[in-house]
Amino acid sequence: MSSSESHPRFGQSVKGLLSDKVGSCSGDVIALTRQVLKGSRSQELLSQAARNMVIQEDAILHSEDSLRKMSIITTHLQYQQEAIQKNVEHSKNLQDQLTHLLK
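The rules behind the values
Residues numbered from 1 in each chain as written. Predicted model: local features only at pLDDT ≥ 70, side-chain atom pairs only at ≥ 80, totals over all residues. Heavy atoms only, no water. Helix = DSSP H or I, 4+ residues; strand = E, 2+ residues; numbered from the N terminus. Buried < 20%, exposed > 50% of the residue type's maximum accessible area, 1.4 Å probe, protein only. Areas by Shrake-Rupley, 256 points an atom, 1.4 Å probe, with all protein chains shown as cover. Salt bridge = Lys/Arg side-chain N within 4 Å of Asp/Glu carboxyl O.

Q: Hey, could you run me through the overall build of the chain in this one?
A: Helices and strands together make up the secondary structure of the chain, namely one helix and zero strands. Within the chain, the proportion of its 103 residues that are buried is 0%. With an accessible surface of roughly 9700 Å², the chain has 61% of that area assigned to carbon and sulfur atoms.

Pasting the structure below:
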């Protein structure tokens, strides 16, 4: 009877080991699934970051273009200011000449 008692114990031992292995594998599958989901989320975040960079790059290019245009406008305004100053000086000279002639 001792040999028949050892077989059920051996069978139960194998079943226990298999059960432990299945539980371990299940845990590994769950961990792997979590890692895949985390990787998927990381990919989503990287994609969003790339889209945001493209948007920022467009904004930077637009700002650069605006600054270049403002620089051109500033230069034109300086030329106009210089022309106005020359005309004011010229008109003062003409006013002085008129005053001198009317005396």
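On we go.
Q: Is there a simple way to explain the pattern of salt bridges in this structure?
A: Opposite charge on two side chains allows them to pair when their charged atoms are near. Using the criterion set out here, one finds three salt bridges in the structure. Residue R68 pairs with D65 through a salt bridge whose shortest N-O separation is 2.4 Å. In this pair, R68 and D65 are both assigned in helix α1 (residues 2-102), three residues apart and thus about one turn of the helix distant. For R68, a relative accessible area of 46% translates into the label partly exposed. Given a relative accessible area of 27%, D65 falls into the partly exposed group. For D65, the salt bridge is made with K69, and the minimal N-O distance between the two is 3.3 Å. Here the residue D65 and the residue K69 both occupy positions in helix α1, the gap between them amounting to four residues, near one helical turn. Overall, the relative accessible area of 45% leaves K69 in the partly exposed class. Each of the salt bridges in this network shares a partner with another, and the network as a whole consists of D65, R68 and K69.

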